[in-house]
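The primary structure of each chain is shown beneath.
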Amino acid sequence: MAGYLDISYIGKTFDTPRGSYAALQECTLEIERGEFVSLIGHSGCGKSTLLSIVAGLTLPTIGGVILDGKEVAEPGPDRGVVFQQHALLPWLSAFDNVLLAVAEVFPALGRQEQRDRTMHFLEIVGLKQAAGKYPAELSGGMCQRVGIARALAMRPKVLLLDEPFGALDALTRGHLQEEVVRIWQKFGQTVLMVTHDVDEAIFMSDRIALMTNGPGATIGEVMRVELPRPRNRRALAALPGYGVLKTRILEYLYERHAVAASLP
Amino acid sequence: MERVRAELLLPLKEEGRTNAERPKGPPLERIGPHPWVQTLDALIMPLTGFLALVGLWALLSATVAPSLPSPAQTLAKNWELIRQPFYDRGPNNKGIGWQLLYSLGRVGLGFALAALVGIPAGLLLGLSSGLRKMWDPVVQLLRPVSPLAWLPLGLATFQAANPAAIFTIFITALWPILLNTSAGVQQVPKEYLHVGRILKLSRRKMMIKILLPAALPHILSGLRVGLGVAWLVIVASEMLTGGVGIGFFVWDEWNNLSLEHIILAIVVIGLIGLALDRLMLWAARTLSYQPTRD
């Protein structure tokens, strides 16, 4: 138990009108500092719930999460979350959305320093020009960039990405994946990302945690992505290791743990 | 046979033309009628509607409803009132402008009180499911009651007509404001609250920075509905309480059997109601954010 982020024996049971439903069971994962780990599984398997537990937004029924030696009991700015649907406040401009986070997390900074920090992170995600625009005036990809800037600007110990590219078109998705990898390398940020896209997981991650299907979903296998960085999407596909890894993941997801459609 | 084929080919040839040799006509980008035709349309159609109404009125008063004054009669008899809306000849004889101002004052006061109580109460109900379980049946029971039923209670409590009318307006406007605020708070997307929790916002900041702005469009639409109903109810409640006000004016003119003045009052009440509604709509557009595309 020496990881930077320790997810230990997490179980989550939901109370439904038809009795209790065990969504997660004994999920255990250790993540090193600076590591990029993806959590992959079929939709509805509970991977987003697990991420939400790490964020502290959902309480586990059993088990616990330890980040940098401290137990996670509630949400906090040491775990920056990038939501699937950006979750920007629509009545604030891109700048003010990020500034709200900066001002809350760094109240000791002067007003000007807070504004500088906000602009700095908008610049990192390439949105300096659009700082004054409102979420409704930005494309989905740009909103997601603002969300990333907001999460990064809190200087979190771990960045939690909840299917951050799921709602984007393929081209934008590719660009943003590269950008997140670049930012991750630049900051030495620890990242836990939930995804259902195998190519995305391989392209971005150091390790990929595969989740089995619910009920009682758990982390079945963790695979290390032994591909050199910086990774180039086209060159990557040609590497022999890529195909082998992808086949292994797909095999795991689609054959050994295919969606049990016959269950009630 | 040969000729028919030649004719069929003709349109194809025409399509082959470049833009430069296109036959003269309106530019391609203009779709729909000419702008001034559209303006005329927007003016003429409503005007035709009003003319039809006046025509129907004239027809009715000339045929089946002889007690209904004709449009010409109405205008002639109201001319003084329209020309001098703010004359003041003692407490029982004031111009129609004064009557309206008194009514607007009562509506404004009752409505402001309703907002002052309804918005905070709605916020609390929206936030707490326990409070909702407790108060929802009460609200559901009282909401369908005509606000005028509360008027005697107001009269008995305040021993005066004016506060009783204001109290009635307060009750009228309270429900839509309360219920809309509560619904608005309940419909705030979970993600916004998650953002607040991650930033560890205090309860106060959560309210000011997240909940209120997110619920604002709902709150404003509640205020708009509340003001609209308040303006509906003021006429009836003033008819019962008396004093100076457009409702009492209507009642007084009925006692004078001056239907022409009542028709004027109807038109003016409608105009003010329309203006109030537009005002609230404008406030909602200016104050709150536009809903997002997703």
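This text goes with the structure placed above it.
Values in this document were obtained by computation on a predicted structure and should not be read as measured data. (Residues numbered from 1 in each chain as written. Chains lettered and ligands numbered in written order. Predicted model: local features only at pLDDT ≥ 70, side-chain atom pairs only at ≥ 80, totals over all residues. Heavy atoms only, no water.)

Draft legend 1. Inspection of the pairing of strand S9 (residues 207-211) of chain A at higher detail. Residues and elements named next belong to chain A. Of all 5 residues in S9, 5 are buried; the element is thus mostly enclosed. Residues of S9 alternate between two faces, with Arg 207, Ala 209 and Met 211 on one and Ile 208 and Leu 210 on the opposite face, all of them buried. Direction of pairing for strand S3 (residues 36-40) relative to S9: parallel, over a ladder of 4 bridges. Bridge assignment links Val 37 to a residue of S9, and that residue is Arg 207. Across 5 bridges, S9 lies against strand S10 (residues 219-224) in antiparallel orientation. Within S10, the position partnered with Ala 209 by the bridge is Val 222. (Buried < 20%, exposed > 50% of the residue type's maximum accessible area, 1.4 Å probe, protein only. Helix = DSSP H or I, 4+ residues; strand = E, 2+ residues; numbered from the N terminus. Pairing = 2+ DSSP bridges.)

Draft legend 2. A look at unusual backbone geometry. Residues and elements named next belong to chain A. Cis geometry marks the peptide bond from Arg 229 to Pro 230, where omega comes out at -5 degrees. With respect to the helices and strands, the residue Pro 230 is situated in the loop between S10 and helix H7 (233-238). For Tyr 9, which is not glycine, the phi torsion reads 45 degrees and is therefore positive. Relative to the assigned elements, Tyr 9 resides in strand S1 (residues 5-16). Backbone geometry places Glu 26, a non-glycine residue, at a positive phi of 45 degrees. As for its position among the elements, Glu 26 is in strand S2 (residues 19-31).

Draft legend 3. Seen up close, the pairing of S3 of chain A. All names here are of chain A. The element S3 is largely enclosed, with a buried count of 5 among its 5 residues. Burial along S3 is two-sided: Phe 36, Ser 38 and Ile 40 facing one way and Val 37 and Leu 39 facing the other are all buried. For S3 and strand S8 (residues 190-195), the ladder comprises 5 bridges, and the chain directions are parallel. Considered in S8, the bridge of Ser 38 is made with Met 193.

Draft legend 4. Structural view of the sheet that holds strand S5 (residues 70-71) of chain A. Residue and element names in this part refer to chain A. Taken together, the 4 strands give an open sheet; going across it, the order is S2-S1-S4-S5, and neighbouring strands pair in antiparallel fashion. Of all the strands in the sheet, just S2 and S5 have a single pairing partner and so form its edges. For S1 and S2, the ladder comprises 9 bridges, and the chain directions are antiparallel. Bridging across to S2, Leu 5 finds its partner in Ile 31. Where helix H1 (residues 47-55) meets the sheet, it contacts S1, S2 and strand S4 (62-67), and its direction lies at approximately 115 degrees from that of S1. (Contact = heavy atoms within 4.5 Å. Axes fitted to C-alpha atoms, helices over the stretch in contact; angles between N-to-C directions.)

Draft legend 5. How the structure looks around the packing of helix H2 (residues 94-105) of chain A against helix H4 (residues 140-153) of chain A. Residues and elements named next belong to chain A. Direction vectors running N to C along H2 and H4 enclose 20 degrees, while the axes themselves pass 8 Å from each other. It follows from the interaxial angle that H2 and H4 lie roughly parallel. Relative to H4, H2 is oriented so that their crossing is right-handed. Here H2 contributes Ala 94, Asn 97, Val 98, Ala 101 and Val 102 to the contact with H4, which in turn contributes Val 146, Ala 149, Arg 150 and Ala 153. Looking at the contact of H2 with H4 residue by residue, the classes come out as 7 nonpolar, 1 polar and 1 charged. (Parallel < 35°, antiparallel > 145°, perpendicular 65-115°, else oblique. Left-handed = near helix turned anticlockwise from the far one by under 90°. Nonpolar A, V, L, I, M, F, W, Y, C, P; charged D, E, K, R; others polar.)

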